[in-house]
Amino acid sequence: MTITRSYIYSTNWSNGGYQGFQIAKIKLLDSNVSVFDKNFNRFKLSDHIIDSSFCYEESSIRGTNRPKIYFDKEDEDWAWTSCWSALEEKKKIGLLELNSWYAILELKGTIDFYVYIDNEGGSHTYSLGPTNW
């Protein structure tokens, strides 16, 4: 699994694995959490609020499985719908913002992924799920 500022890649998807997921920009409740801190604790990532201006669900329109899904490119086989209204549909949601946290839910069953896009566009990905507790 690779998550970057512009796409998500999973070898499992090219084999027909589940592809629907939700991505939301989040604000951590503890503003002191930093991936650059030597005492970084990924378990603090679950304490967050969702930014209501950026929350989308992604799914296949035609049942096509692709190993890579782009945020900033249109694809006739994919659609993004707002988490708040299934009637609000977009063909692309744009690059993930710099210096921002995102939660990616339902990507691999019960595992949630948290991604921080740093000021240079690098991604820092952490997973949390039932096996982490």
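Cut-off values and rules
- Residues numbered from 1 in each chain as written.
- Predicted model: local features only at pLDDT ≥ 70, side-chain atom pairs only at ≥ 80, totals over all residues.
- Heavy atoms only, no water.
- Helix = DSSP H or I, 4+ residues; strand = E, 2+ residues; numbered from the N terminus.
- Salt bridge = Lys/Arg side-chain N within 4 Å of Asp/Glu carboxyl O.
- Buried < 20%, exposed > 50% of the residue type's maximum accessible area, 1.4 Å probe, protein only.
- Pairing = 2+ DSSP bridges.

(A) View of unusual backbone geometry. The phi dihedral of asparagine 99 is positive, around 55 degrees, even though this residue is not glycine. Checked against the element boundaries, asparagine 99 lands in the loop between strand E7 (89-90) and strand E8 (100-108).

(B) The pattern of salt bridges, seen in detail. Within the structure shown, the criterion is met by two salt bridges. Between glutamate 97 and lysine 25 there is a salt bridge, with the nearest N and O atoms lying 2.8 Å from each other. With a gap of 72 residues between them, glutamate 97 in the loop between E7 and E8 and lysine 25 in strand E3 (residues 21-28) connect regions that are remote in the sequence. One salt bridge connects aspartate 30 with lysine 44, and the closest N-O pair in it is separated by 3.5 Å. Taken together, the residues span a long stretch of sequence, with aspartate 30 in the loop between E3 and strand E4 (48-60) and lysine 44 in the loop between E3 and E4 at a distance of 14 residues.

(C) Expanded view of the pairing of strand E9 (residues 111-117). Counting buried positions along E9 gives five out of seven residues, so the element sits mostly inside the fold. The pairing of E9 with strand E10 (residues 123-128) spans six bridges and is classified as antiparallel. Each bridged residue has a counterpart across the sheet, and for phenylalanine 113 the counterpart in E10 is serine 127. Counting the residues between successive antiparallel strands, the hairpin from E9 to E10 contains five residues, one of them, glycine 121, with a positive phi of roughly 90 degrees.

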